[in-house]
Amino acid sequence: MQPSDLPHRHVLTAPTVPASVRPARQTAEMTFASWGIHAAHPTMGPALLILSELVTDSVRHAAALSPSLTVTLAAGDDTPAFAVHDRHPYHPGIVTAAGGSGGLATIAEVTAGIGGTCVLRQDADGGGKSVWTTLPLGRTKEQR
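Okay, so let's go over this structure. (Residues numbered from 1 in each chain as written. Predicted model: local features only at pLDDT ≥ 70, side-chain atom pairs only at ≥ 80, totals over all residues. Heavy atoms only, no water.)

Within the structure shown, the criterion is met by three salt bridges. D86 is paired through a salt bridge with K129; the nearest N and O atoms lie 2.8 Å apart. On the criterion of sequence distance, the pair formed by D86 in strand 3 (residues 79-86) and K129 in strand 5 (residues 129-134) is long-range, its members being 43 residues apart. Like K129, D86 is buried. Close ionic contact of R87 with D123 constitutes a salt bridge, the shortest N to O distance being 2.6 Å. A residue pair is termed long-range when its members are at least 10 positions apart, and R87 in the loop between strand 3 and helix 3 (103-113) and D123 in the loop between strand 4 (117-122) and strand 5 qualify at 36 residues. (Salt bridge = Lys/Arg side-chain N within 4 Å of Asp/Glu carboxyl O. Helix = DSSP H or I, 4+ residues; strand = E, 2+ residues; numbered from the N terminus. Buried < 20%, exposed > 50% of the residue type's maximum accessible area, 1.4 Å probe, protein only.)

Right, here's the structure in full:
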């Protein structure tokens, strides 16, 4: 399933500044809770960490060419997903934990550790990119 196929969606646009990390995280926590995915769920701690790291990476590396960033939150019954988009044209390639430290390597390691996926998608015009993260909830029928 693609994140675009998920029934719930919320978009936040923020300036590409350090002060945007906290509201992005808070918005994600409140939005996912409104969709029934509460902060106490074991997936949410790593999810909020990954989101914070993605926003921080955009602030550190894209602010000069991208004055704003966009956080897209999405969810289905058993899948929270989110993306951080900026308009900096640099495309770091495949997101993996191998051979790297910090930044996208840490994001990839945490994501893989809980069975999720992390995909970097370049804009069609080459002028920006999004990093999409999809995580499993592993809910039982009783938790739904």
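From this point, the narrative continues.
Now for the side chain of H88. Relative to the elements of secondary structure, H88 occurs in the loop between strand 3 and helix 3. There is a polar contact of 3.0 Å between the side chain of H88 and the backbone nitrogen of Y90. For H88, the contacting residues outside a window of four places in its chain are H61, A62, L65, S66, G127, G128 and K129. (Polar contact = N/O pair within 3.5 Å; in protein donor to acceptor, adjacent residues only side chain to side chain. Contact = heavy atoms within 4.5 Å.)

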